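Structural overview for review
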Amino acid sequence: MVFLFLSVLAAAYRVSAASDSLGWHFVQNGTSGVLALEAMVVSPTLAIMFNRPSNDPLQVNGHPAWGALWNFETNTATALDVLTDSFCASGAFISNGTMISLGGNPLENLETVPDKDGLMGIRIFEPCLDPSGASCTLFEDPDNIHLAEKRWYPSSARIFDGSLVYDTWRTHAPAAFYNIDPANTFEFFPPKDGGVPRSSAFLERTLPTNLFPRVLALPDGKVFIAANNQSIIYDIETNTETPLPDIPNGVRITNPMDGTATLLPLSPPDYTPEVLICGGSATDDSIPSRNLSAQTPASDQCSRITLTPEGIAQGWEVEHMLEGRMMPEMILLPNGQVLITNGRGLDLPRSAASRILWANRMLIILFTPSLYTPSADVGQRISNVGLPTTDIPRMYHASVSLTPMGNIFLAGSNENVLIVNDSVKFPSEFRVEYLNPPYMTVERPILQDVPSQIGFHENFTITVDIPESLNASTVQVALMDLGFSSHAFHSSSRLVFMTASLSEDKTTLSVLSPRITGCIRLDLVPFIFVTVDDVSSAGAQVMVGSGLSPPVPDQGVSLLSTSL
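Fair warning: this is a prediction, and the values are worked out from it, not measured in the lab.

The rules behind the values
- Residues numbered from 1 in each chain as written.
- Predicted model: local features only at pLDDT ≥ 70, side-chain atom pairs only at ≥ 80, totals over all residues.
- Heavy atoms only, no water.
- Pairing = 2+ DSSP bridges.
- Helix = DSSP H or I, 4+ residues; strand = E, 2+ residues; numbered from the N terminus.
- Axes fitted to C-alpha atoms, helices over the stretch in contact; angles between N-to-C directions.
- Salt bridge = Lys/Arg side-chain N within 4 Å of Asp/Glu carboxyl O.
- Buried < 20%, exposed > 50% of the residue type's maximum accessible area, 1.4 Å probe, protein only.
- Disulfide = S-S within 2.5 Å.
- Core = buried A, V, L, I, M, F, W, Y, C linked by side-chain atoms within 4.5 Å.
- Contact = heavy atoms within 4.5 Å.
- 1 Å grid on protein atoms, 1.4 Å probe; cavity = no way out; pocket = protein on both sides within 12 Å on 5 of 7 lines; lining within 4 Å.
- Points joined across faces, edges and corners; volume = space filled by probe spheres on them.
- Nonpolar A, V, L, I, M, F, W, Y, C, P; charged D, E, K, R; others polar.
- pLDDT = per-residue confidence, 0-100.

Turning our eyes to something else, we now look at the sheet that holds strand 29 (residues 408-412). On the basis of which strands lie adjacent, the open sheet formed by four strands has the order 2-30-29-28 and antiparallel pairing. Two strands bound the open sheet, and with one partner strand each, they are strand 2 (25-31) and strand 28 (398-402). Each strand of the sheet is rotated relative to its neighbour by a mean of 20°, with strand direction disregarded.

This model, assessed by the stated rule, comprises 15 salt bridges. Between Glu187 and Arg151 there is a salt bridge; the shortest N-O distance is 2.9 Å. You can see Glu187 sitting in strand 14 (residues 185-189) and its partner Arg151 sitting in the loop between strand 11 (122-125) and strand 12 (155-158), a full 36 residues away along the chain. Arg151 matches Glu187 in its accessibility class, with the two residues each being buried. The salt bridge partner of Asp161 is Lys192, with a shortest N-O separation of 2.5 Å. You can see Asp161 sitting in the loop between strand 12 and strand 13 (164-167) and its partner Lys192 sitting in the loop between strand 14 and strand 15 (198-199), a full 31 residues away along the chain. Looking at Asp161, the relative accessible area reads 4%, which means it is buried.

For the structure shown, the criterion picks out two disulfides. Bridging Cys128 to Cys136, the disulfide has an S-S length of 2.0 Å. Taking the torsion about the sulfur-sulfur bond, which here is approximately -85°, the covalent link between Cys128 and Cys136 counts as left-handed. Cys136 shares its class with Cys128; the two are buried. In this model, Cys278 is linked to Cys302 through a disulfide, with the two sulfur atoms separated by 2.0 Å. What sets the handedness of the Cys278 and Cys302 disulfide is the S-S torsion sign, and at about 115° it is right-handed. Here Cys302 lies in strand 22 (residues 301-306) and Cys278 lies in strand 21 (residues 274-279), a separation of 24 residues in the sequence. Like Cys302, Cys278 is buried. In the chain, the bonded cysteines, taken in the order they occur along the sequence, pair up as 1-2, 3-4.

Before going further, it helps to spend a moment on the nonpolar core. Counting residues in hydrophobic clusters, the biggest one holds 92 residues, and the most contacted among them are Phe224, Val275, Ile277, Ile408, Phe409 and Ile528. When near neighbours in sequence (up to four residues on either side) are disregarded, Phe409 contacts Ala39, Met49, Trp70, Phe72, Ser399, Val400, Ser401, Thr403, Val432, Glu433 and Tyr434.

Further remarks concern empty space enclosed by the protein. Using the criterion set out here, one finds six cavities of 30 Å³ or more in the structure. Of the pockets and cavities examined, the second largest cavity occupies roughly 70 Å³. Lining the second largest cavity are 13 residues; nearest its centre among them are Thr341, Asn342, Leu366, Phe367 and Thr390. Looking at the lining of the second largest cavity residue by residue, the class counts come to six nonpolar, four polar and three charged.

What follows concerns the pairing of strand 33 (residues 459-465). Residues of strand 33 alternate between two faces, with Phe460, Ile462 and Val464 buried on one and Asn459, Thr461, Thr463 and Asp465 left unburied on the opposite face. Inspection of the sheet shows strand 31 (residues 446-448) paired to strand 33 by three bridges, in the antiparallel sense. Its bridge partner lying in strand 33, Gln448 is registered against Thr463. Relative to strand 38 (residues 508-512), strand 33 runs antiparallel, the two being bridged by five bridges. For Asn459, the partnering residue across the bridge sits in strand 38 and is Leu512.

As a further point, take the confidence of the model for the chain. Any residue range with low pLDDT should be treated as having predicted coordinates unsuitable for detailed reading. Summarising the model, the chain shows a mean pLDDT of 87, and 87% of its residues fall at 70 or more. Counting interchain partners and residues more than four positions distant, the pLDDT-below-50 stretch residues 351-361 has 18 contacts. Overall, residues 555-564 carries pLDDT values under 50, and its contacts beyond four positions in sequence, including any with other chains, amount to 27 contacts.

So, in structure tokens, the structure goes:
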């Protein structure tokens with residue numbers, strides 16, 4: 001059965017054409033109830049959030065909750081009864097629209113929280129039609145449905161056949177906070193290879209600074225992976241790793257020296273993949289984490305590479321942010337720009353040095369985001385002109401996501417081990433805020449009659465109500481997976497532009513869906529956004545492909561040879 005979700009919030013954001021935009025601005029609205037160190041949009045009205053078993057204020061079945069659904073309509077949280085410890089897990093959607101959270105923490109041994117070991121945990125959230133989230137549930141069966149290896153600080157990505165690939169650390173050693181007990185393997189969900197993990201030379205040589213590798217699925221069905229200051233292209237079909245040039249200037253970009261990475265928007269006809277990596281640290285990772293200096297500035301470097309033979313030969317193109325950022329995150333926007341937000345300005349992994357600076361209030365906190373414009377010239381791509389400044393620190397254990405309404409949801413931030421409310425300068429953060437782009441306070445395009453399901457390389461139409469104030473000189477139609485946010489990375493986030501033309505009366509869009517199947521793998525989950533003259537609509541959720549459970553071979557890599 002296929003379901004179509006049109007954003008019920010579009011009308012709430014449509015105001016008089018005579019109104020002036022408020023520009024970019026932050027709005028605080030509600031509290032999350034659980035610390036949102038992981039977050040993912042799961043429907044037009046809901047996002048799922050996870051913390052660790054702790055002393056969060058939201059209760060479920062007589063104990064503190066560590067999972068919740070955030071309602072974008074009411075700005076309230078509904079507790080989920082999570083069984084296993086989801087601390088520092090990862091997640092993504094599979095091809096039938098089910099959200100999978102995987103990995104986590106061992107037992108916390110807290111008297112007030114009845115958690116189970118999460119290192120091999122698999123948490124399943126199936127598509128839920130309840131806009132309030134009240135009847136939605138999270139399924140776990142840790143005795144029978146679990147990973148093959150213990151994984152803390154894993155990464156995941158949805159691949160060409162609709163399943164997931166995931167990797168990284170084996171056990172839990174927070175004092176060292178380096179990968180001292182590595183798995184160095186890839187696993188899949190549902191399992192491949194009889195459930196036996198595949199060994200990875202890349203993960204082995206990027207030790208010890210390779211927690212939460214940055215994993216991006218590519219248009220040809222292969223996977224880009226960055227860890228430490230290295231990167232590869234991994235061919236899942238042949239189980240081979242092709243090294244790429246090192247990230248320039250020794251900058252390391254995976255935990256505990258977190259930079260961030262994204263696949264830049266893919267455009268027809270070629271959908272040429274480009275990767276952008278920003279922030280991190282150039283600190284020597286041979287220094288034990290307890291001895292790292294907390295005075296070292298975070299890196300301001302952004303590195304960009306085109307993943308074609310010519311682009312790889314050319315190597316990484318370097319540019320610089322307006323400030324160094326540790327723990328930043330990049331959010332793709334419907335018009336193709338990239339928001340760079342969150343983080344701090346000092347190289348502060350979780351160490352004794354960072355806690356001393358924290359106690360003495362010496363942190364450099366970054367309150368103002370920046371915009372990255374991929375089509376601009378080098379040196380002109382990054383700016384914070386017109387961007388607002390918040391008063392809420394968003395650093396370690398924060399999450400952020402584009403919403404179906406088209407604004408940016410920000411929650412979480414916690415440098416403390418558990419929940420600390422008032423005994424430190426920067427307590428655990430439960431305030432939720434939205435960063436509203438200028439189009440949120442002007443009259444916007446409204447989408448109607450969006451198909452409930454589209455195939456690959458298929459023509460379809462959308463009825464669009466374009467405000468008279470817009471000339472419609474430019475029209476962009478974007479298919480977007482909003483991704484899973486945690487630890488400075490947005491797993492499976494992507495934007496695919498589609499070829500589109502507007503009718504002469506400006507009421508109908510004729511759209512051609514992407515031909516390259518491996519580049520999207522967005523079944524059930526994606527949102528279509530239409531941007532007219534840089535004013536974006538709210539999103540409409542749509543099924544792409546069959547929506548069958550993975551693996552889905554008829555929509556996978558087997559079609560790529562005829563996709564161009």
